[in-house]
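Structural description and commentary
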Amino acid sequence: QGQLVESGGGLVQAGGSLRLSCTASGRTFDLYAMGWFRQAPGKEREFVAAITRSGGSTNYADSVKGRFTISRDNAKNTVYLEMNSLKPDDTAVYYCAAGFATVSRTQAYRYWGQGTQVTVSS
């Protein structure tokens with residue numbers, strides 16, 4: 001099966017925006033719900049957002065709801081995370097994951113990308 005590869009991370013000032021992308025190289029991308037997680041130094045990996053196979057339903061962590069938007073383009077085997085109004089505490093390594101439900105627990109996701117660093121300066 002294919003890999004999940006995140007891109008789009010970088011350094012941004014507080015209040016700015018970034019769009020993360022996660023592209024799957026496999027042929028079964030549209031069979032999976034997709035999620036975004038993040039992990040800051042010294043903290044556990046936490047749920048950010050998830051989207052169903054068709055993109056018809058989404059789920060967000062309270063900490064990002066209203067600021068972040070998850071979307072997907074199955075024709076491109078890509079899931080996106082649009083991040084607006086970024087805060088310094090959004091700084092983390094962001095991971096995409098493929099699973100079978102848009103739940104917050106990491107155990108529900110079978111495949112993971114390598115992560116992309118997002119750093120938000122004050």
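Before any of the text, the structure's been laid out above.
So, here is what we can say about the structure in this document. (Residues numbered from 1 in each chain as written. Predicted model: local features only at pLDDT ≥ 70, side-chain atom pairs only at ≥ 80, totals over all residues. Heavy atoms only, no water.)

A few points about the sheet that holds strand 7 (residues 68-73)
Formally: Two strands form a pair only when DSSP identifies at least two bridges running between them. Only DSSP runs of H or I reaching four residues or more are called helices, and only runs of E reaching two or more are called strands; each is numbered from the N terminus. Note on geometry: axes are lines fitted to C-alpha atoms, helical ones only across the stretch in contact, with angles between N-to-C directions running from 0 to 180 degrees.
Taken in spatial order, the 4 strands line up as 1-3-8-7 in an open sheet, and their pairing is antiparallel. In the strand order of this sheet, the two ends are held by strand 1 (4-7) and strand 7, each with one partner. With direction set aside, neighbouring strand axes in the sheet form an average angle of 15°. The pairing of strand 1 with strand 3 (residues 18-24) spans 4 bridges and is antiparallel. Bridge pairing in strand 3 links Val5 to Thr23.

Comments concerning the state of the cysteines
Put simply, the rule is: Any pair of cysteine sulfurs within 2.5 Å is marked as a disulfide.
Throughout the structure, instances matching the rule amount to 1 disulfide. One disulfide in the model links Cys22 with Cys96; its S-S distance is 1.9 Å. Between Cys22 and Cys96 the disulfide shows an S-S torsion of about 50°. By sign, it is right-handed. Of this pair, Cys22 sits in strand 3 while Cys96 sits in strand 9 (residues 92-99), placing them 74 residues apart in sequence.

Examining the packing of aromatic side chains
For clarity, the cut-off: Whether two aromatic rings pair depends on their centres lying within 6.5 Å, for rings of Phe, Tyr and Trp, where Trp uses its six-membered ring; planes under 30 degrees apart make the pair stacked, over 60 edge-to-face, and the rest tilted. Classification of residues uses two cut-offs on accessible area relative to the type maximum, computed with a 1.4 Å probe and protein chains only: under 20% is buried, over 50% is exposed, and between them is partly exposed.
Going through the model one piece at a time under the given rule, you end up with 6 aromatic pairs. Ring geometry for Tyr32 versus Tyr111: centroids 5.7 Å apart, planes at 90°, classification edge-to-face. Residue Tyr32 is found in the loop between strand 3 and strand 4 (33-39), and its partner Tyr111 is found in strand 10 (residues 109-112); the two are separated by 79 residues along the sequence. For Tyr111, a relative accessible area of 27% puts it in the partly exposed group. Relative to Phe47, the ring of Phe37 has its centre 5.6 Å away and its plane inclined at 75°; by these criteria the two rings are edge-to-face. With a gap of 10 residues between them, Phe37 in strand 4 and Phe47 in strand 5 (residues 46-51) connect regions that are remote in the sequence. The exposure class of Phe37 is buried, given its relative accessible area of 0%.

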